[in-house]
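Residue-level structural notes
Spelled out, the chains give:
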Amino acid sequence: VQLQASGGGLVQAGDSLRLSCVASGTTFRRLGMGWFRQAPGKEREFVVAISWSGGSTIQADSVKGRFTISRDNAKNTVYLQMNSLKPEDTANYYCAADTNPPSIPIATMTGYDYWGQGTLVTVSS
């Protein structure tokens, strides 16, 4: 499984940004997908996740109401829509795939088998 994340960049506080992650090498619709982030000097943390069916999503408290995850199985792509960005959202964002997912999305890093390379989001104040 290969994951290619893109869409990061430099934005101002309050702006929006959409990240994409394209998966290849497997049947995308069977994957549970998640986004994690890692800020400089900090540990990687959970952001959002979506079940393989797309029927269930979960978000970290820090992004609830601002970030949304979605998937397009026809394009083998999962998206992270980020609105009302804050400087504390600055981080490298990583998509991750769970090749043996349960029916609900997973918020723990150990639940994912494959990781993308990360895309940097920088939010200026």
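This report concerns the structure included in the present document. Keep in mind it's a predicted model, so treat the numbers as computed, not measured.

**Focus: the environment of A97**
- With respect to the secondary-structure elements, A97 resides in strand β9 (residues 91–98).
- Sequence-distant contacts of A97, defined by excluding residues within four places in its chain, comprise L3, L31, G32, M33, Y112, D113 and Y114.

**A word on the packing of aromatic side chains**
- The final tally for this structure, using the stated rule, is four aromatic pairs.
- Taken together, a centroid distance of 5.4 Å and an interplanar angle of 80 degrees make the contact between F36 and Y112 edge-to-face. With a gap of 76 residues between them, F36 in strand β4 (residues 32–38) and Y112 in the loop between β9 and β10 (114–115) connect regions that are remote in the sequence. The same class applies to F36 and to Y112, which are both buried.
- Seen from their ring centres, Y112 and W115 are 6.3 Å apart, and the 65 degrees between their planes marks the pair as edge-to-face.
- Accessibility expressed as a relative area gives 27% for W115, which makes it partly exposed.
- Through pairs of rings, three or more aromatic residues link up here, namely F36, F46, Y112 and W115.

What counts, and where the lines are drawn
Residues numbered from 1 in each chain as written. Predicted model: local features only at pLDDT ≥ 70, side-chain atom pairs only at ≥ 80, totals over all residues. Heavy atoms only, no water. Helix = DSSP H or I, 4+ residues; strand = E, 2+ residues; numbered from the N terminus. Contact = heavy atoms within 4.5 Å. Phe/Tyr/Trp six-rings, centres within 6.5 Å; stacked < 30°, edge-to-face > 60°. Buried < 20%, exposed > 50% of the residue type's maximum accessible area, 1.4 Å probe, protein only.

Spatial relationships are all this shows, so hold off on functional conclusions.
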